[in-house]
Amino acid sequence: MNPTQSSLRSVTGAGTGRRTTDGAGIPLMRIISSPDIGIIDPFLLLDEFGSADPGDYRGGFPDHPHRGFETVTYMLAGRMRHRDNHGHEGVIGPGGVQWMRAGRGLIHSEMPEQDAGWLRGFQLWVNLPAARKMDEPDYQEFSAAQIPEERRGNDCRIKVIAGTTSTGVAGAVTGVPTAPLYFDVHLNAGTRFEEALDPEANACVYVYQGSVRVAGSDGAATELKRGHLGKLGSGNAIQVTAGGEETRFLLLAARPLDEPIAWHGPFVMNTQEELRQAFEDFQSGKF
Ligand code: CO
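Throughout what follows, the structure given in this document is the object of discussion. (Residues numbered from 1 in each chain as written. Predicted model: local features only at pLDDT ≥ 70, side-chain atom pairs only at ≥ 80, totals over all residues. Heavy atoms only, no water.)

The subject of this paragraph is the overall build of the protein. When helices and strands are counted, the protein shows two helices and 24 strands. Here the C-alpha radius of gyration of the protein, 19 Å, is about what a compact globule of 287 residues would show, namely 19 Å. The buried share of the protein, taken over its 287 residues, is 51%. Intrachain contacts of the protein at a sequence separation of at least 6 include 72% that bridge at least 24 residues. (Helix = DSSP H or I, 4+ residues; strand = E, 2+ residues; numbered from the N terminus. Rg over C-alpha atoms; globule rule 2.2 N^0.38 Å. Buried < 20%, exposed > 50% of the residue type's maximum accessible area, 1.4 Å probe, protein only. Contact = heavy atoms within 4.5 Å.)

Glancing now at the sheet that holds strand β7 (residues 80-84). Within the open sheet, the four strands sit side by side as β5-β10-β7-β8. Their pairing is antiparallel. Looking at the sheet topology across the chains shown, the edges are occupied by β5 (61-66) and β8 (89-92). Taking each pair of neighbouring strands and ignoring which way they run, the sheet shows an average axis angle of 20 degrees. Pairing of β5 with strand β10 (residues 106-112) involves four bridges; the strand directions are antiparallel. Along β10, the bridge assignment pairs Phe-61 with Glu-110. (Pairing = 2+ DSSP bridges. Axes fitted to C-alpha atoms, helices over the stretch in contact; angles between N-to-C directions.)

Scanning all chains against the criterion turns up 11 aromatic pairs. Consider the rings of Trp-125 and Trp-263, whose centres lie 6.0 Å apart with planes at 40 degrees: the pair is tilted. Highlighted residues: Trp-125 in strand β11 (residues 119-127) and Trp-263 in strand β23 (residues 262-264), separated in sequence by 138 residues. Assessed through its relative accessible area of 9%, Trp-125 is described here as buried. With a relative accessible area of 30%, Trp-263 lands in the partly exposed category. (Phe/Tyr/Trp six-rings, centres within 6.5 Å; stacked < 30°, edge-to-face > 60°.)

The subject of this paragraph is the coordination of the cobalt ion. Every protein donor of the cobalt ion is listed here as His-64 (NE2), His-66 (NE2), His-108 (NE2) and Glu-110 (OE), and their distances to the metal cover 2.1 to 2.7 Å. Every donor counted, the four donor atoms about the cobalt ion form angles of 81 to 176 degrees at the centre, which fits irregular coordination. Between consecutive donors of the cobalt ion, the numbers of intervening residues give the motif H-x1-H-x41-H-x1-E. With His-64 in strand β5 and His-108 in strand β10, this residue pair connects regions lying 44 residues apart in the sequence. (Donors = N, O, S within 2.8 Å, 3.2 Å for Na, K, Ca; no water. Tetrahedral: all angles 85-135°; square planar, octahedral: opposite > 155°, others 65-115°.)

An order of β16-β21-β18-β19 is seen for the four strands of this open sheet, with the pairing classed as antiparallel. Both outer strands of the open sheet, β16 (192-196) and β19 (221-225), are each paired with one neighbouring strand and no more. Pairwise comparison of adjacent strand axes, ignoring direction, gives a mean angle of 25 degrees for this sheet. Here strand β18 (residues 211-215) runs beside β19; their pairing, made up of five bridges, is antiparallel. Paired with Val-212 across the two strands is Leu-224, which belongs to β19.

Quick look at the pattern of salt bridges now. Using the criterion set out here, one finds 19 salt bridges in the structure. In this structure, Arg-30 engages Asp-22 in a salt bridge whose closest nitrogen and oxygen atoms are separated by 2.9 Å. Taking relative accessible area as the criterion, Asp-22 reaches 33% and is therefore assigned partly exposed. Among the charged side chains, a network of salt bridges with common partners joins Glu-70, Arg-101, Arg-132 and Asp-135. (Salt bridge = Lys/Arg side-chain N within 4 Å of Asp/Glu carboxyl O.)

Most peptide bonds take the trans form, and the phi angle of most residues other than glycine is negative. With omega at 10 degrees, the peptide bond leading from Asp-41 into Pro-42 counts as cis. With respect to the secondary-structure elements, Pro-42 resides in the loop between β3 (26-32) and β4 (43-51). The phi dihedral of Ala-179 is positive, around 50 degrees, even though this residue is not glycine. Relative to the assigned elements, Ala-179 resides in the loop between β14 (156-162) and β15 (181-187). Positive phi, normally seen in glycine, also occurs at Asp-258, with a value near 50 degrees. Along the polypeptide, Asp-258 turns up in the loop between β22 (247-254) and β23.

Below you can see the structure in the form of structure tokens.
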């Protein structure tokens, strides 16, 4: 990438999200959709969960419905069993990802497949455009070994879950309407990472280990510590430098939908009438 031809995306806002619980009382950090960060269209929600105490996670996320968007589970440690009411079932292991299009609706559970050790990962919600909200449910599932990894020298590794890197490494997940990029970037201390970004995409960085400095076009830089999400402003590239320790962050980008959002719990539609219909369909067993 030629820095003279790129305009770097600065951090325009940062936050740490909010501690909460979901499912059967699983403690987690709600990052996207928290009061200090809000949504980053089309990203509706980002949760980070992590505990080595089975008392925290044993209850899992029992049966619940979804309609109108996609849920993306990315495990860092531990194993989660997924089961839906259409007969789809599987286990997401460490480093594995499940990109689930809830579409017109399903009921599923996400339960820990272990009673000891770390359970750690992320769940991201990606909105669907109005024309695709009632698509049939669909899954893309990949183990850690099936997710392409790009190495840049000895100090930078990129797990390419979705999207394509500037050198042409294509992610495992394809065919998502909002053309998302989902990279898990690992940097050794002090290493610089540069990447082109679609200028039309909304983008953010979430640091889950170590710290980074995100350069801006004006020569200034913003530090993001562990647990901080930085929203990125306009531009066509990002430049991130790891702090003094091994650092890991998620880089997320996608085309915004710019559509009205009617959201209640596990249903995300465009209008109140569609929300009402979602409740009615769920209650009458049409999921
Ligand atoms: Co769910």
